[in-house]
Amino acid sequence: MASMSQLTMAMITLYSGDPKRIQHFMKVYAFAKMIAEEEQIGAKQREVIEAAALVHDIGIHAAEKKYRSAAGEYQEQEGPPIARAMLMALEFSPALTNRVCELVAHHHSYQNIDAVDLQILVEADFLVNAYEEGLPKRNIKKFRDKIFRTETGIHYLNELFALD
Ligand SMILES: [Fe+2]
């Protein structure tokens, strides 16, 4: 049975020499895991959320190499096959692998977030990105009001940035 620590090891190996991005996905993983627990998501779906958080930006190097751009759409295109190969090699279930690949393919598309696993991934990623990119408070608030849905994610964001 594959574990999150094995997946973490594989991701750190893949991102060798890129500590910034390793720190990024470890932070997204921690927020996503805690939001999922607090929101009382079931075990199977929590596993999907945790795995997706670890691999969500897996397409970034391929996108940079192929298109010289880390733009979301390129990552969403390049990411899933790389994620699939890694998850299958670690013997994660086909159901988990398929869903994680869907999440990797959609985590930059905010128009139709129709499932709680994608919702939590997007919120966790934003909690980290808002800080890493030094977003102004008004932009963080706007994103919160438009996109955030979970009570825990909203609470984390409000506390992190002392929003009202
Ligand atoms: Fe990210």
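What comes next is a walk through the structure. (Residues numbered from 1 in each chain as written. Predicted model: local features only at pLDDT ≥ 70, side-chain atom pairs only at ≥ 80, totals over all residues. Heavy atoms only, no water.)

Digging into the coordination of the iron ion
In this structure, His 24 (NE2), His 56 (NE2), Asp 57 (OD) and Asp 125 (OD) serve as the protein donors to the iron ion, at separations of 2.1 to 2.3 Å. Taken together, the 4 donor atoms surrounding the iron ion define angles of 82 to 172° at the centre, an arrangement classified as irregular. Counting residues between consecutive donors of the iron ion along the chain gives the motif H-x31-H-D-x67-D. With His 24 in helix α2 (residues 19–38) and Asp 57 in the loop between α3 (43–55) and α4 (60–67), the pair connects residues that are 33 residues apart, well separated along the chain. Taking relative accessible area as the criterion, His 24 reaches 7% and is therefore assigned buried. Residue classification places Asp 57 among the buried residues on the basis of a relative accessible area of 12%. (Donors = N, O, S within 2.8 Å, 3.2 Å for Na, K, Ca; no water. Tetrahedral: all angles 85-135°; square planar, octahedral: opposite > 155°, others 65-115°. Helix = DSSP H or I, 4+ residues; strand = E, 2+ residues; numbered from the N terminus. Buried < 20%, exposed > 50% of the residue type's maximum accessible area, 1.4 Å probe, protein only.)

Re the packing of helix α5 (residues 72–89) against helix α6 (residues 94–106)
One can describe the packing of α5 onto α6 by two numbers: an axis separation of 8 Å at closest approach and a directional angle of 160°. As summarised for this structure, α5 and α6 are arranged roughly antiparallel, according to the angle between their axes. As for the relative orientation of α5 and α6, their crossing is right-handed in sense. From α5, Glu 76, Gly 79, Pro 80, Ala 83, Arg 84, Leu 87 and Met 88 reach across to α6, where they touch Leu 96, Thr 97, Asn 98, Val 100, Cys 101, Val 104, Ala 105 and His 106. (Axes fitted to C-alpha atoms, helices over the stretch in contact; angles between N-to-C directions. Parallel < 35°, antiparallel > 145°, perpendicular 65-115°, else oblique. Left-handed = near helix turned anticlockwise from the far one by under 90°. Contact = heavy atoms within 4.5 Å.)

Concerning the side chain of Asn 129
By the secondary structure assignment, Asn 129 is in helix α7 (residues 116–132). Residues within four places of Asn 129 in sequence aside, it is in contact with His 24 and Gly 134.

Things to note about the pattern of salt bridges
The tally for this structure, following the rule as stated, stands at 10 salt bridges. A salt bridge links Glu 37 to Lys 33; the nearest nitrogen and oxygen atoms lie 3.2 Å apart. Placement of both Glu 37 and Lys 33 in helix α2 is noted, with a separation of 4 residues, approximately one turn of the helix. Of the residues examined, Lys 33 reaches a relative accessible area of 23% and is grouped as partly exposed. When the shortest N-O distance is used, the salt bridge between Lys 141 and Asp 164 registers 2.8 Å. Of this pair, Lys 141 sits in helix α8 (residues 137–147) while Asp 164 sits in the segment after α9 (151–160), placing them 23 residues apart in sequence. We classify Asp 164 as exposed; its relative accessible area is 70%. (Salt bridge = Lys/Arg side-chain N within 4 Å of Asp/Glu carboxyl O.)

Quick word on the packing of aromatic side chains
Scanning all chains against the criterion turns up 7 aromatic pairs. For the ring pair Phe 126 and Phe 143, a centre distance of 3.8 Å and an interplane angle of 5° mean the geometry is stacked. Here Phe 143 lies in helix α8 and Phe 126 lies in helix α7, a separation of 17 residues in the sequence. Of the two residues examined, Phe 126 and Phe 143, each falls in the buried class. Through a chain of ring-to-ring contacts, three or more aromatic side chains come together here, namely Tyr 110, Phe 126, Phe 143 and Phe 148. (Phe/Tyr/Trp six-rings, centres within 6.5 Å; stacked < 30°, edge-to-face > 60°.)

A short note on α2
Under the 1.5 Å per step criterion, the end-to-end length of α2 is 29 Å for 20 residues, consistent within 8% with the ideal 28 Å. Restricting attention to buried positions, one finds in α2 the residues Ile 22, His 24, Phe 25, Val 28, Tyr 29, Ala 32, Ile 35 and Ala 36. Taken end-on, α2 shows its buried residues confined to a sector of 165°, consistent with a single buried face. Summarising the geometry of α2, the exposed residues directed more than 90 degrees from the buried face are Pro 19, Lys 20 and Glu 38. Packing partners of the buried residues in α2 comprise α1 (4–14), α3, α7 and α9. Directly after α2, the chain includes Gln 40, whose backbone phi takes a positive value near 55°. (Expected span 1.5 Å × (residues − 1). Arc of directions from axis to C-beta.)

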